[in-house]
Amino acid sequence: MNFRLLHTDTNTAARCAELYTDHGTIPTPVFMPVGTRASVKSVEPHELKEQQAHIILANTYHLYLKPGNAIMEKAGGVHRFMNWQGPLLTDSGGYQVYSLSELRKITEEGVTFKSHLDGSMLQFTPENVVDTQRIIGSDILMPLDECPSSTAEREYIRKSGEMTIRWAERAKQHFSLTRPLYGHGQMFFGITQGGTHADLRTISAKALVDLDFDGYATGGMAVGEPAEEMYRILELSHTLLPEHKPRYLMGVGTPENILNAIERGVDMFDCVIPTREGRNGRVYTRHGKMNLRSAKYSEDFSSIDEGFDNDVCRNYSRAYIRHLLNVGEILGLKLCTLQNISFFMWLTRTARTQIQNGSFREWKESFLEQYKRND
């Protein structure tokens, strides 16, 4: 067993567990900082470890384009290439291809698309996406899927979901016929689709469970649908996905979304919010968000989050970080990013403690009430 369930909250579906990989044990719930091109922007691997990041995410599409499979294999895989010795998950690149809607063609065979770098024609298939992730050497692989828009017609979502199931069957078979390249094991998660249609989600989930993946992701969420619709689908997914395997909500990352998803049985999360907003001077604290570019912080010599135990809050003032941002010093972007990563690690770590203590729902409601009041 790669996944051990330790405790389930008595009042909700929230749970804490451990996910075992050859690069380390991942306590859940867990947030994965996004390192799209084998780098979490502006942050070194040792700093991620210092912020208690247990797993990071990289992107198959971008690594396939640069540096490419040949260089990645010559480097000995992504862990050696970027000097990250912890667990790493790669998404399949399906969402990136989805975002290239005017530059791609989807067929039963796979997806043909134009590189956003040089316009060359490339193809992803369920099989070669597995091969690329074998070369990358991630601990957790994701299969090629299609991510329909939230505004797509039901019939399109139905056909797309059926094709994603067929792609998952091919990918799973190919995964079973290939082996890891660098001496450590790799897990393979399935991705459910179906938009906000309960019957289509049910069909997708049941088909993927029958394929017996190592874990299951809920894909196609946070693409424009109301949050309430996402929560409804997560409640349904909780009844369909195996209790003894990890559940991953892809691309979702506001504190409110994360805590409400944990309440509905989700274990794993990723999102670019902490790093992207950090580079824009927007920081997350236990008391809400703040835009440190604002003039009101020009003479504020208090820490970003008084009493928060991280290097940024112990050593730098709001006024100083605002100064760095406004004069274009890279250190300002880095400090904001580190603060945000530290906060998201704290958020899921604290949720885990509250689940173990049987007080998750009360803490969640109290925290979000205060957080939104100061947001």
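Residues numbered from 1 in each chain as written. Predicted model: local features only at pLDDT ≥ 70, side-chain atom pairs only at ≥ 80, totals over all residues. Heavy atoms only, no water.

- As recorded in an unreviewed UniProt entry, the chain goes by the name Queuine tRNA-ribosyltransferase, listed as coming from Chlorobium phaeovibrioides.
- In its Subunit (unreviewed entry) section, the UniProt entry covering the chain states "Homodimer. Within each dimer, one monomer is responsible for RNA recognition and catalysis, while the other monomer binds to the replacement base PreQ1."
- Check the Catalytic activity (unreviewed entry) section of the UniProt entry for the chain; it says "7-aminomethyl-7-carbaguanine + guanosine(34) in tRNA = 7-aminomethyl-7-carbaguanosine(34) in tRNA + guanine". (UniProt positions renumbered as here; feature names shortened; annotations may be inferred.)

### Quick word on the overall build of the chain
Then, in step 1: Within the chain, the secondary structure is distributed over 15 helices and 16 strands.
Then, in step 2: Against the compact-globule benchmark of 21 Å for 375 residues, the chain has a radius of gyration of 20 Å, which places it among compact chains.
Then, in step 3: Seen through its C-alpha atoms, the chain measures out along the principal axes to roughly 60 × 50 × 40 Å.
Then, in step 4: Put simply, the chain has 375 residues, and 56% of those count as buried. (Helix = DSSP H or I, 4+ residues; strand = E, 2+ residues; numbered from the N terminus. Rg over C-alpha atoms; globule rule 2.2 N^0.38 Å. Buried < 20%, exposed > 50% of the residue type's maximum accessible area, 1.4 Å probe, protein only.)

### Side note on the domain arrangement of the chain
Then, in step 1: If you check the domain split of the chain, you get domain 1 (3–270) and domain 2 (278–374).
Then, in step 2: A straight line from the C-alpha centre of domain 1 to that of domain 2 covers 27 Å.
Then, in step 3: Taken together, the 34 residues of domain 1 in the interface contact 30 residues of domain 2.
Then, in step 4: A buried area of about 2700 Å², summed over both sides, lies between domain 1 and domain 2, and 66% of it is on carbon and sulfur atoms.
Then, in step 5: Considering only the side of domain 1, the residues that lose the most area to domain 2 are Gln51, Pro255 and Leu259, jointly responsible for 25% of the buried surface there. (Domains from an automatic or database assignment. Contact = heavy atoms within 4.5 Å. Buried area = accessible area lost by both parts, 1.4 Å probe.)

### A look at the sheet that holds strand S3 (residues 24–28)
Then, in step 1: Spatially, S1-S2-S3 is the arrangement adopted by the three strands of the open sheet, whose pairing is antiparallel. The sheet is open, and its two edges are formed by strand S1 (3–8) and S3, each paired on a single side. Averaged over all adjacent pairs, the angle separating strand axes in this sheet is 15°, with direction ignored.
Then, in step 2: Looking at chain direction, S1 and strand S2 (residues 15–21) are connected through five bridges and run antiparallel. Opposite Thr8, over in S2, you have Arg15 as the bridge partner.
Then, in step 3: Against the sheet, helix H14 (residues 330–357) touches S1, S2 and S3, its axis set at about 125° to S2. (Pairing = 2+ DSSP bridges. Axes fitted to C-alpha atoms, helices over the stretch in contact; angles between N-to-C directions.)

### Thoughts on the nonpolar core
Among soluble globular proteins, nonpolar side chains are generally buried collectively.
Then, in step 1: Ranked by size, the top nonpolar core spans 61 residues in total, and within it Leu249, Leu259, Ile262, Leu292 and Phe367 carry the most contacts.
Then, in step 2: With 11 residues, H14 is the largest single contributor of residues to this core.
Then, in step 3: Each of domain 1 (3–270) and domain 2 (278–374) gives at least three residues to this core.
Then, in step 4: Among residues more than four places away in sequence, those in contact with Leu249 are Thr218, Met221, Met230, Leu234, Ala261, Val266, Met268, Phe269 and Asp270. (Core = buried A, V, L, I, M, F, W, Y, C linked by side-chain atoms within 4.5 Å.)

### Description of helix H6 (residues 126–136)
Then, in step 1: The element H6 is extensively covered by neighbouring structure, given that eight of its 11 residues are classed as buried.
Then, in step 2: Just downstream of H6 lies Gly137, where phi reads positive at about 85°.

### Some remarks on the side chain of Ser92
Then, in step 1: Structurally, the position occupied by Ser92 is in the loop between strand S6 (88–91) and helix H5 (94–99).
Then, in step 2: At a separation of 3.1 Å, a polar atom in the side chain of Ser92 contacts the main-chain carbonyl oxygen of Pro143. (Polar contact = N/O pair within 3.5 Å; in protein donor to acceptor, adjacent residues only side chain to side chain.)

### What about the sheet that holds strand S8 (residues 111–114)?
Then, in step 1: Strand order in the open sheet formed by three strands is S7-S8-S9, and the pairing between neighbours is antiparallel. Each having just a single partner strand, strand S7 (104–106) and strand S9 (121–124) make up the two edges of the open sheet. On average, each strand axis in the sheet is inclined to that of its neighbour by 15°, with strand direction left out of account.
Then, in step 2: Judged from the four bridges that link them, S8 and S9 form a sheet pairing that is antiparallel. Of the residues in S9, the one forming a bridge with Thr112 is Gln123.

### Concerning helix H13 (residues 318–326)
Then, in step 1: Three or more residues of H13 are buried, namely Arg318, Ala319, Ile321, Arg322, Leu324 and Leu325.
Then, in step 2: Looking at the packing, one finds that the buried side of H13 touches strand S16 (288–291), helix H12 (311–315) and H14.
Then, in step 3: One or two residues past the end of H13 sits Gly328, with phi positive at roughly 75°.

### With respect to unusual backbone geometry
Then, in step 1: Thr28 connects to Pro29 through a cis peptide bond whose omega is 5°.
Then, in step 2: The backbone phi angle of Ser42 is positive, close to 75°, even though this residue is not glycine.
Then, in step 3: Mapped onto the secondary structure, Ser42 falls in the loop between strand S4 (30–33) and helix H1 (45–50).
Then, in step 4: In this model, Gln52 sits at a positive phi of 70°, which is unusual for a non-glycine residue.

### Details of the side chain of Thr28
Then, in step 1: Relative to the assigned elements, Thr28 resides in strand S3.
Then, in step 2: Overall, Thr28 belongs to the buried group, its relative accessible area being 0%.

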